[in-house]
Amino acid sequence: MGRHGWITGAGRWRLTALLGVGAVVVALLVALVSTLPGGASTEGTTRDGDKVHGTPVFRPGADRPYVGWGFTHTQFSADEGNATATGRVRKLLSRDGGLPQNQAIMGWGADNPEPVKGHYDFEALDRRIDFIRASGGTPVITLCCAPDWMKGGRAGAGNTDWSQAALETAPLPEHYKDFAALAATVAKRYPDVRHFIVWNEFKGFWNDAEGRWDYEGYTKLYNLVYTALKQVDPKNMVGGPYLVMDSVDPRQEENASTVVRGPWGAMDQRVLDAFTYWNQHKAGADFVVVDGSSYTTEGDKLLPDEFAATDKFTAVGRWVRQQTPGLPLWWAEYYVEPADRNDDRKGWSEPHRVAVQAAGLIAIAKGGATSGFYWNPQEKEGDCPGCLWTPTDSSDGGRALPLYGLLSRFSREFPPGTTYRTVSVAPDDVPNVRVLASDRTVLVVNTLNRPISAKVDGKRFDMKAYEVKWLKR
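Figured I'd write up the structure that's included with this text. Just so it is clear, the structure is predicted and the values come from calculations on it, not from any experiment.

## Examining the side chain of Gln-101
Relative to the elements of secondary structure, Gln-101 occurs in strand 2 (residues 100–104). By relative accessible area, Gln-101 is classed as buried at 0%. At a separation of 3.0 Å, a polar atom in the side chain of Gln-101 contacts the side chain of Ser-135. Setting aside residues up to four positions removed in sequence, Gln-101 forms contacts with Phe-71, His-73, Leu-93, Phe-131, Ile-132, Ser-135, Gly-137, Thr-138, Pro-139, Val-140 and Phe-373.

Below, the structure is given as structure tokens:
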């Protein structure tokens, strides 16, 4: 998408002050010893990347092809910061069953895992996996992005190009097997990780000559990774294609689908074509992964409004499930609030934001998804609109925010396998509320910026502006 933040772990390199002439000499000797012919430094790397890290924790139900509702770790998360604050988040998550937690292998808080071929640096990724284990979470790994030497860049520790353009470059075809080998190494290192997503949003897979996605290239990479992971352990579960389900204005004709469309817009046919190719030529899949926003690609239009625009998630989900019968559907990312020029989403009040997020989750669930990941658990410091908890930079940090309350409650009340029920809504309330119900719970969202009196499932109750209410049946 290019809007949710690609920022990496580049700023986390450990800097050690060298005191005295003797220390300088030692450092120079180490640098010389750890440099391969050609100048590629291997400092800080190891050769045993596939050695099992820490103490694997095998969660009940980990071998199922769905995980439920959780979040993705981004550049800043609760694996680092003040010990009191990070501990507070671990306890918070543990109390709520850990929640599924997704982490990329490079970028978004993780350093270059293989700066030189066969030489690994998993320190940052180890830390994230340790946090997921300690907080009781179900770990998910996104196999993106690729070390520089796999995409035409320089090998060597300290040579990683962390620019957005470089990070979002796909491996060269001659290095697809190397990337698959890296995926296998990751799987061996963390044997308790059972769920793997291949790549991220088709980054770098665009065919300029034909003005479409390079779905042939992505599918070749996917199939090699799929095979490599299954060779490590047949119980490993693999999914893709993690396409951005872009949509355009409903009045647009160019690249607009004539099949998947609604008041919210029309799907970009090029995305549907890419999905169809992958689906027809994939080596296999245990689940299917997509992502996307409720707003259009041009102008970030929320049509007809921010709540009704979430109907796109339902339409897309139903189309995907028709193409992939029997495969669980995951949303790796979902966005309902357009970003500003600085990629910030700070224009809505928190009640407004939570209400639209709730509507988005309802729409995703109605589309048949069993798993979804919220992006952006925290900022480094300061105010944190849309975060799950306050920044962990101080001892007072790591406190749950309203969106954490929504996500954790949704995860508890609507786990995979939930049977959704239709409940009665008073006719005059139908335009004003969004509802999701199971045998035991009803979630109701007031879509208006004013109080209302609503009647749902035979019960009459008052709701504040943009209130999200949970009812027991």
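## A short note on the state of the cysteines
Following the criterion strictly, the structure yields two disulfides and no others. Here Cys-144 connects covalently by a disulfide to Cys-145, the sulfurs 2.4 Å from one another. Its S-S torsion of approximately 60° makes the covalent link between Cys-144 and Cys-145 right-handed. Of the two residues, Cys-144 and Cys-145, neither departs from the other in class, the shared state being buried. Note that Cys-384 is cross-linked by a disulfide to Cys-387, the S-S spacing being 1.9 Å. On the sign convention where negative is left-handed, the bridge of Cys-384 and Cys-387, at about -70° about the S-S bond, is left-handed. Side by side, Cys-384 and Cys-387 carry an identical accessibility label, which is buried.

## Here's the deal with the pattern of salt bridges
Overall, the coordinates contain 29 salt bridges when judged by the stated rule. Close ionic contact of Arg-133 with Asp-130 constitutes a salt bridge, the shortest N to O distance being 3.9 Å. Residue Arg-133 and its partner Asp-130 are located together in helix 3 (residues 123–134), separated by three residues, close to a single helical turn. Classification of Asp-130 as partly exposed rests on a relative accessible area of 33%. Residues Arg-353 and Glu-350 are paired through a salt bridge, measuring 2.4 Å at the closest nitrogen-oxygen approach. Highlighted residues: Arg-353 and Glu-350, both in helix 9 (residues 350–366), separated by three residues, approximately one helical turn. Take Arg-353: its relative accessible area is 2%, and that puts it in the buried class. One salt-bridge network, in which partners are shared between bridges, spans Asp-79, Glu-80, Arg-127 and Arg-128.

## Remarks on the packing of helix 7 (residues 269–281) against helix 8 (residues 311–323)
Remark: helix 7 packs on helix 8, axes separated minimally by 11 Å, with the N-to-C direction vectors making an angle of 30°. Of the possible angle classes, the one that applies to helix 7 and helix 8 is roughly parallel. As helix 7 runs across helix 8, the sense of the crossing is right-handed. When helix 7 is examined against helix 8, the residues Leu-272, Phe-275, Thr-276 and Asn-279 are found in contact with a partner set consisting of Trp-319, Val-320 and Gln-323. Across the contact of helix 7 with helix 8, the residue classes break down as four nonpolar, three polar and no charged.

## Thoughts on the pairing of strand 14 (residues 433–437)
With four of five residues buried, strand 14 lies mostly within the body of the structure. Bridge analysis of strand 14 against strand 15 (residues 441–446) gives five bridges, and the strand direction is antiparallel. Across the sheet, residue Ala-437 finds its bridge partner in strand 15, namely Val-442.

## A short note on helix 6 (residues 215–232)
The terminal C-alpha atoms of helix 6, which comprises 18 residues, lie 26 Å apart, in line with the 26 Å expected from a rise of 1.5 Å per residue. All buried positions along helix 6 are accounted for by Tyr-215, Gly-217, Tyr-218, Thr-219, Leu-221, Tyr-222, Asn-223, Val-225, Tyr-226, Ala-228, Leu-229 and Lys-230. Next to the buried residues of helix 6 lie strand 3 (138–143), helix 5 (176–189), strand 4 (195–198), strand 6 (212–213), strand 7 (237–244) and helix 7.

## Some thoughts on the sheet that holds strand 15
Strand pairs in the sheet, formed through backbone hydrogen bonds, run parallel or antiparallel to each other. One open sheet accounts for three strands, arranged 14-15-18; its pairing is antiparallel. Whereas interior strands pair on both sides, the edge strands pair on one side only; in this sheet they are strand 14 and strand 18 (468–472). Going from strand to strand, the sheet's axes swing by 20° on average, the running direction of each strand aside. Relative to the sheet, helix 9 contacts strand 14, strand 15 and strand 18, its axis offset from that of strand 14 by approximately 45°.

## With respect to the sheet that holds strand 2
Judged by pairing direction, the barrel is parallel, and its eight strands sit side by side in the order 1-2-3-4-7-11-12-13 before closing back on the first. Taking the axes of each pair of neighbouring strands and ignoring which way they run, one obtains an average angle of 25° across the sheet. In terms of strand pairing, strand 11 (residues 287–293) meets strand 12 (residues 329–335) through six bridges, oriented parallel. Counterpart to Val-288 in the pairing with strand 12 is Leu-329. Those strands touched by helix 6 are strand 3, strand 4 and strand 7, and its axis lies near 160° from that of strand 7. Across the sheet, helix 9 lies against strand 1 (69–72), strand 12 and strand 13 (369–375), angled at about 155° from strand 12, the strand it touches most.

## Structural notes on the packing of aromatic side chains
Using the criterion set out here, one finds 27 aromatic pairs in the structure. Ring centres 5.7 Å apart and planes at 10° place the aromatic pair Tyr-120 and Phe-122 in the stacked group. Taken as a pair, Tyr-120 and Phe-122 share a single burial class, namely buried. Between Tyr-222 and Tyr-226 the ring centres are 6.1 Å apart and the planes differ by 25°, which places this aromatic pair in the stacked class. With a gap of four residues between them, Tyr-222 and Tyr-226 both fall in helix 6, about one helical turn apart. Note on accessibility: Tyr-222 and Tyr-226 belong to one class, buried. Directly above the aromatic system of Trp-278 lies the positively charged group of Lys-282, at a separation of 5.3 Å from the ring centroid.

Reading guide: rules and limits
Residues numbered from 1 in each chain as written. Predicted model: local features only at pLDDT ≥ 70, side-chain atom pairs only at ≥ 80, totals over all residues. Heavy atoms only, no water. Helix = DSSP H or I, 4+ residues; strand = E, 2+ residues; numbered from the N terminus. Buried < 20%, exposed > 50% of the residue type's maximum accessible area, 1.4 Å probe, protein only. Polar contact = N/O pair within 3.5 Å; in protein donor to acceptor, adjacent residues only side chain to side chain. Contact = heavy atoms within 4.5 Å. Disulfide = S-S within 2.5 Å. Salt bridge = Lys/Arg side-chain N within 4 Å of Asp/Glu carboxyl O. Axes fitted to C-alpha atoms, helices over the stretch in contact; angles between N-to-C directions. Parallel < 35°, antiparallel > 145°, perpendicular 65-115°, else oblique. Left-handed = near helix turned anticlockwise from the far one by under 90°. Nonpolar A, V, L, I, M, F, W, Y, C, P; charged D, E, K, R; others polar. Pairing = 2+ DSSP bridges. Expected span 1.5 Å × (residues − 1). Phe/Tyr/Trp six-rings, centres within 6.5 Å; stacked < 30°, edge-to-face > 60°. Lys NZ or Arg CZ within 6 Å of the ring centre and 35° of its normal.

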